[in-house]
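Listed below, chain by chain, are the residues.
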Amino acid sequence: MPKVGETLNGHSFLESIGGKGSNQAAASAKLGAHVSMIGKIGNDSWGKLLKSSYESIHINTSSLIVTDESTTGVANILVDDEGHNCIVVIPGANSLLNKSEVEAQRKTIQESKVLVCGLEVPIEGTLTALRIAKEKNQQVTTILNTAPAQKNLDDEIWKLVDIVVANETELEILIPGIDLSKASDEDVKNAAQKLQEKGVKNVVITLGARGCMVVREKGEMTLVQAEKVQAVDSTGAGDCFVGSIAFCLAQGKDISSSCQFACKVAAISVTRKGAQQSFPTLKEVQHLLS
């Protein structure tokens, strides 16, 4: 990766459909889930391409809002020769999604089995969606992917979330004062439990090539090993993981078995270039793992 002020020659250039929530929706849909996407896109060529891409994999786009006030969100991604990446996100229309627009999707949220939220949209929109999902008598399982991580989040959010999915870097931001750079598994577990103390039921910490750690209610911990593969491009792998968990939970699987399946799906995705185009279908997963 280039240092400050440094210019490097690259090997190739690729444009692809992406965005964290977008990728997570695509991963679930390609596995066969019925997915509705709530979000905001610009009235531009990228927005039209994004909507068309959703429809090609049968994602319901009736909850997508189109605006003339901003461009569709984009991200610039650098990938090194080992498949590691760094990302700069320009939120665009995503940053304009407001509380009333989310409130208008009450029926869609409450009729869902699983709601996946992230932090790429204004926090009040995310909070609104989670509140709707957890209103009296609602049985929607809620997942919060804490990317991009933010400090000093409203404590209410943790009480509305069934499962938090975060990586170690995000966990350090969410819990000021901890350093996981040389942490043991017990250290990571203890950090996850600090989120549980705020009200979260289950915490899933992604550990890159190692797999993930699942910390359930009552502090029960499981380490899920990742498949050993030759990584080509890790772009979107974390999103593929989250979308795969959502798919499994909607099928009635428990969190540990959902994470085991999700690690396998994400491992397949890193052997291919790009984000959404690297995500496998359920038939591909079954074939490759048979």
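Scope of this entry: the structure provided in the associated data block.

Attention now goes to the packing of helix H1 (residues 20-31) against helix H9 (residues 237-250). The contact between H1 and H9 brings their axes to 7 Å, and the two run at 50 degrees. If you check the angle between H1 and H9, you find them oblique. By crossing handedness, the relation of H1 to H9 is classed as right-handed. Packed against H1, whose contacting residues are Lys20, Asn23, Gln24, Ala27, Ser28 and Leu31, the element H9 presents Asp239, Cys240, Val242, Gly243, Ser244, Ala246 and Phe247 at the interface. Along the lines of polarity and charge, the residues of the contact of H1 with H9 split into six nonpolar, five polar and two charged.

Okay, the pairing of strand E9 (residues 211-215) next. For E9, a buried count of five out of five residues is recorded, marking the element as mostly surrounded by other parts of the structure. Pairing of strand E8 (residues 202-206) with E9 involves four bridges; the strand directions are antiparallel. Paired with threonine 206 across the two strands is cysteine 212, which belongs to E9. What sits between E8 and E9 in their antiparallel hairpin is a turn of four residues, with glycine 208 showing a positive phi close to 65 degrees. In this structure, E9 lies alongside strand E10 (residues 221-225), joined through five bridges in antiparallel fashion. Residue pairing in the sheet places valine 214 in a bridge with threonine 222 of E10.

Bringing the pairing of strand E2 (residues 64-67) into the picture now. Direction of pairing for strand E1 (residues 39-42) relative to E2: parallel, over a ladder of four bridges. When the sheet's bridge partners are listed, isoleucine 41 is paired in E2 with valine 66.

Here the focus is the nonpolar core. Judged by nonpolar contacts, the single largest core of 36 residues is most densely connected at Leu115, Leu144, Trp158, Val164, Leu195 and Ile205. When residues of this core are traced back to their parent elements, those giving at least two are strand E5 (114-117), helix H5 (123-133), helix H6 (156-159), strand E7 (163-167), helix H7 (168-174), helix H8 (185-196), E8 and E9. Leaving out residues up to four positions away in the same chain, isoleucine 205 has contacts with Ala166, Asn167, Glu168, Leu171, Val188, Ala192, Gly211, Cys212 and Met213. If you look at the next biggest cluster of nonpolar residues, it comprises 23 residues, including Ala33, Met37, Tyr54 and Cys240.

Bringing the packing of H9 against helix H10 (residues 255-269) into the picture now. Remark: H9 packs on H10, axes separated minimally by 8 Å, with the N-to-C direction vectors making an angle of 140 degrees. Of the possible angle classes, the one that applies to H9 and H10 is oblique. Every pair of crossing elements has a handedness; the one defined by H9 and H10 is right-handed. Contact residues: Ala237, Cys240, Phe241, Ser244, Ile245, Phe247, Cys248 and Leu249 in H9; Ile255, Ser258, Cys259, Phe261, Ala262, Cys263, Val265, Ala266 and Ser269 in H10. Along the lines of polarity and charge, the residues of the contact of H9 with H10 split into 14 nonpolar, three polar and no charged.

Turning our attention to the environment of aspartate 162. Relative to the helices and strands, aspartate 162 is located in the loop between H6 and E7. You can call aspartate 162 buried: its relative accessible area is 10%. Spatially, the C-alpha atom of aspartate 162 lies 5.1 Å from that of lysine 201, the residues being 39 residues apart in sequence. In contact with aspartate 162, not counting residues within four places along its chain, are Lys134, Val140, Thr141, Thr142, Val200, Lys201 and Asn202. Of note is the side chain of aspartate 162, whose polar atom sits 2.7 Å from the side chain of lysine 134. At 3.4 Å, the side chain of aspartate 162 forms a polar contact with the side chain of lysine 201.

Parameters and conventions
Residues numbered from 1 in each chain as written. Predicted model: local features only at pLDDT ≥ 70, side-chain atom pairs only at ≥ 80, totals over all residues. Heavy atoms only, no water. Axes fitted to C-alpha atoms, helices over the stretch in contact; angles between N-to-C directions. Helix = DSSP H or I, 4+ residues; strand = E, 2+ residues; numbered from the N terminus. Parallel < 35°, antiparallel > 145°, perpendicular 65-115°, else oblique. Left-handed = near helix turned anticlockwise from the far one by under 90°. Contact = heavy atoms within 4.5 Å. Nonpolar A, V, L, I, M, F, W, Y, C, P; charged D, E, K, R; others polar. Buried < 20%, exposed > 50% of the residue type's maximum accessible area, 1.4 Å probe, protein only. Pairing = 2+ DSSP bridges. Core = buried A, V, L, I, M, F, W, Y, C linked by side-chain atoms within 4.5 Å. Polar contact = N/O pair within 3.5 Å; in protein donor to acceptor, adjacent residues only side chain to side chain.

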